[in-house]
Amino acid sequence: MSNKIRVWYLKNILKIIDSCEECIFEERVYISTGKDKISIGHHTHINEGVFIQAAKIGNFVLIAPNVSILSNAHVHERFDIPIMLQGMTSNEPVTIEDDVWIGRNVIIMPGCIIGTGSIVGAGAIVTKNIPPFSIAVGVPAEVIKNRK
C-alpha cells in the first residue's frame, strides 16, 4: 500500500490528522485505541513497525522504526490475583511536541511529555518527561545534553 493511501485513510477514515502536508506513514504503523485518543500534526514522518496506543503528536516529528508509544499498562499491585486479571491502568496519552526526533526502538511510557525540539536516542525507554531542546538516552532515558 502506498503512502498516499495510508495518509488518506488516517485523514478521511480515522480522522487523526487534519493536514497531511508532507506526512509520511510507512507500512505497519499500528494505531491501537483509534481516533478519539490520537492526533498527528503535519510534516510528520512515522516509520515502519511503530505502535501507538494514545498520543498527541506535534508537527515536524520524526519517529524511527519500531517505536512503541504506550498509554496504559497492567496493574500489578496484588499478589493474590494473577497480573493478567488485575486490569489496566487508566489511559494516559503521551504528548510529543513539535520538532522532535524519536530514535529507533524507543519505548515511551504512559503520560510522558517529550518537549519541543528534543531528541530521544535509539533504544531509550522514556519513563518521565523530557524537557524542551534536550537530548535523552538510556534505560531509563536521562537527559545528557541541552541542544541550546
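Note that the coordinates shown come from a computational prediction; the quantities given were computed from them, not determined experimentally.

Engineer: If you had to explain the sheet that holds strand β2 (residues 30–31) to someone new, which residues and values would you point to?
Structural biologist: Sheet strands pair via backbone hydrogen bonds, and the direction of the pair is either parallel or antiparallel. With parallel pairing, the five strands of this open sheet are ordered in space as β2-β5-β8-β11-β14. Both edges of this open sheet fall to β2 and β14 (125–126), since each of them pairs with a single strand only. With two bridges joining them, strand β11 (residues 107–108) and β14 adopt parallel strand pairing. Following the sheet pairing, isoleucine 107 is matched in β14 by isoleucine 125.

Engineer: Residues and numbers for helix α1 (residues 3–13), please.
Structural biologist: Side chains that are three or four residues apart share a direction in an α-helix, a result of its 3.6 residues per turn. Turning to α1, its buried residues number three or more, namely Arg6, Val7 and Leu10. Along the long axis of α1, the arc covered by the buried residues comes to 100°, so they all point the same way. On its buried side, α1 packs onto β1 (24–25) and β2. After α1 finishes, the residue lysine 15 shows a positive phi value of roughly 55°.

Engineer: Would you mind going over the packing of aromatic side chains in detail, with residue names and values included?
Structural biologist: Overall, the coordinates contain zero aromatic pairs when judged by the stated rule. When the ring centre of phenylalanine 133 is taken as origin, the NZ or CZ atom of lysine 148, which lies over that ring, is 4.4 Å away.

Engineer: Pulling in residues and values, what's your account of the pattern of salt bridges?
Structural biologist: Tallied over the entire structure, the rule returns two salt bridges. Between aspartate 80 and arginine 78 there is a salt bridge, with its nearest N and O atoms 2.6 Å apart. Across the pair glutamate 142 and lysine 128 runs a salt bridge whose closest N-O atoms are separated by 3.4 Å. Here glutamate 142 is found in strand β16 (residues 142–146), whereas its partner lysine 128 is found in the loop between β14 and β15 (134–137), with 14 residues between them in sequence. Classification of glutamate 142 as partly exposed rests on a relative accessible area of 38%.

Engineer: A description of the nonpolar core should follow, citing residues and the corresponding values.
Structural biologist: Note that soluble globular proteins tend to have their nonpolar side chains buried in a common cluster. Of all hydrophobic cores here, the largest spans 32 residues; its most connected members are Ile57, Ile63, Ile69, Ile96 and Ile108. Every residue in contact with isoleucine 108, bar those within four places of it in the chain, is listed here: Ser68, Ile69, Leu70, Val94, Ile96, Ile102, Ile114 and Val126.

Engineer: Please provide a residue-by-residue account of the environment of methionine 88, values included.
Structural biologist: In this fold, methionine 88 is placed in the loop between β8 (68–69) and β9 (94–96). The class of methionine 88 is partly exposed, set by a relative accessible area of 43%.

Reading the values: rules and limits
Residues numbered from 1 in each chain as written. Predicted model: local features only at pLDDT ≥ 70, side-chain atom pairs only at ≥ 80, totals over all residues. Heavy atoms only, no water. Pairing = 2+ DSSP bridges. Helix = DSSP H or I, 4+ residues; strand = E, 2+ residues; numbered from the N terminus. Buried < 20%, exposed > 50% of the residue type's maximum accessible area, 1.4 Å probe, protein only. Arc of directions from axis to C-beta. Contact = heavy atoms within 4.5 Å. Phe/Tyr/Trp six-rings, centres within 6.5 Å; stacked < 30°, edge-to-face > 60°. Lys NZ or Arg CZ within 6 Å of the ring centre and 35° of its normal. Salt bridge = Lys/Arg side-chain N within 4 Å of Asp/Glu carboxyl O. Core = buried A, V, L, I, M, F, W, Y, C linked by side-chain atoms within 4.5 Å.

So, to be careful, I would describe these as geometric facts and stop short of saying anything about function.
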